[in-house]
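Listed below are the residues making up each chain.
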Amino acid sequence: MATIDRGDPDGLFDGLSSDSADLLAQLRRRLAAEAQSAGLLDVAYRTVDTPVGRLLLAATPAGLVRVAYPIEDHDAVLTTLAERVSPRVLAAPARLDAAAREIDEYFAGVRTHFDLPLDLQLTGGFRRQVIEHLTDIGYGRRESYAAVAAAVGNPRAVRAVGSACAHNPLPVVVPCHRVVRSDGSIGQYVGGIEAKSTLLTLEAA
């Protein structure tokens, strides 16, 4: 059975004094540290506020394993991580400080490439081929779904490329937003069309 520390989603501690809130935060940090030192922290997660909404970041010891938009339902994402990766899922913000910092730098326009270890265990087969190719599409560039299909050796698999992008477990960091339609229109996106437009506009600035 999965045990997931989801922080305080219902605001049960909103009425705490600042001293009590600080104590709660200290207890959470201590729990995360002790779980990690005991080898009981398989999936650490935190959230980060961005111009495209609050993103959920999750990492295993191997690297960043999931980035999720609010539209994907963070609780559902955490449940899926517990089922597919490990039931030992814990809010441990410090484990994701580097990822949060790089994402902040990206949205500030000072980072054009992510230097984070990635754990791609949530994707496989053809979809993984597509995901691995996406990291080769440079900042500010765009490729069509057809061009990506050709690049991974299956020119007729245009729809499958679209499906792979829609199921990208690491949006923003693995730039599926740079894949557009052959006519130049931006197409669909896991975080919504507005988020995709925001990312493309940022990179074009």
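What counts, and at which threshold
Residues numbered from 1 in each chain as written. Predicted model: local features only at pLDDT ≥ 70, side-chain atom pairs only at ≥ 80, totals over all residues. Heavy atoms only, no water. UniProt positions renumbered as here; feature names shortened; annotations may be inferred. Helix = DSSP H or I, 4+ residues; strand = E, 2+ residues; numbered from the N terminus. Buried < 20%, exposed > 50% of the residue type's maximum accessible area, 1.4 Å probe, protein only. Contact = heavy atoms within 4.5 Å. Areas by Shrake-Rupley, 256 points an atom, 1.4 Å probe, with all protein chains shown as cover. Phe/Tyr/Trp six-rings, centres within 6.5 Å; stacked < 30°, edge-to-face > 60°. Polar contact = N/O pair within 3.5 Å; in protein donor to acceptor, adjacent residues only side chain to side chain. Arc of directions from axis to C-beta. Disulfide = S-S within 2.5 Å. Salt bridge = Lys/Arg side-chain N within 4 Å of Asp/Glu carboxyl O.

An unreviewed UniProt entry lists the protein under the name Methylated-DNA--protein-cysteine methyltransferase, with Nocardia iowensis given as the organism. Of the comments in the UniProt record for the protein, the one headed Sequence similarities (unreviewed entry) reads "Belongs to the MGMT family." As recorded by UniProt, the Subcellular location (unreviewed entry) comment attached to the protein reads in full: "Cytoplasm".

A. Representation of the overall build of the protein in the model. Of the regular secondary structure elements, the protein holds seven helices and seven strands. Secondary structure elements in the protein, listed N-terminal to C-terminal, are β-α-β-β-β-α-β-α-α-β-α-α-β-α. Residues classed as buried in the protein amount to 43% of the 205 residues present. Within the protein, counting contacts between residues at least 6 apart in sequence, those at least 24 apart form 61% of the total. When the accessible surface of the protein is split by element, carbon and sulfur atoms take 51% of a total near 10,600 Å².

B. Main features of the packing of aromatic side chains. Across all of its chains, the model carries four aromatic pairs by this definition. Residues Tyr106 and Phe107 carry aromatic rings whose centres are separated by 5.1 Å and whose planes lie at 80° to one another, so their mutual orientation is edge-to-face. The interplanar angle of 40° and the centroid separation of 5.5 Å between the aromatic rings of Tyr106 and Phe114 together place this pair among those described as tilted. When sorted by exposure, Tyr106 lands in the same class as Phe114, which is buried. Taken together, the ring pairs in this structure connect Tyr106, Phe107, Phe114 and Tyr139 into an aromatic cluster.

C. Highlighting unusual backbone geometry. The phi dihedral of Asp73 falls on the positive side, at around 70°, and the residue is not glycine. Locating Asp73 in the fold gives a position in the loop between strand 4 (63-68) and helix 2 (74-84). With relative accessibility at 39%, the residue Asp73 sits in the partly exposed group. The phi dihedral of Val172 falls on the positive side, at around 80°, and the residue is not glycine.

D. Molecular detail of the environment of His113. Of note, His113 is situated in the loop between helix 3 (97-107) and helix 4 (125-134). Assessed through its relative accessible area of 48%, His113 is described here as partly exposed. For the pair formed by His113 and Thr135, sequence separation is 22 residues and the distance between their alpha carbons is 9.1 Å. At 3.5 Å, the side chain of His113 forms a polar contact with the side chain of Asp115.

E. Representation of helix 6 (residues 158-166) in the model. If you check which residues of helix 6 are buried, you get Val161, Ala164 and Cys165. Down the axis of helix 6, the buried set is contained in an arc of 100°. They therefore lie on one face. Packed against the buried residues of helix 6 are helix 4, helix 5 (145-151) and strand 7 (179-180).

F. Here's a closer look at the state of the cysteines. For the structure shown, the criterion picks out zero disulfides. Of the cysteine sulfurs around Cys165, a residue in no disulfide, the closest is that of Cys176, at 5.5 Å. The exposure class assigned to Cys165 is buried, which follows from its relative accessible area of 7%.

G. View of the pattern of salt bridges. All chains considered together, the criterion is met by ten salt bridges. Measuring nitrogen to oxygen at the nearest pair gives 2.8 Å for the salt bridge that ties Asp97 to Arg46. Remark: Arg46 occurs in strand 2 (residues 43-50) and Asp97 occurs in helix 3; sequence separation between them is 51 residues. The class of Asp97 is partly exposed, set by a relative accessible area of 39%. When the shortest N-O distance is used, the salt bridge between Glu102 and Arg111 registers 3.6 Å. Pair check on accessibility: Glu102 and Arg111 agree, each one buried. Members of the salt-bridge network, linked through shared partners, are Glu102, Glu105, Arg111 and Asp115.

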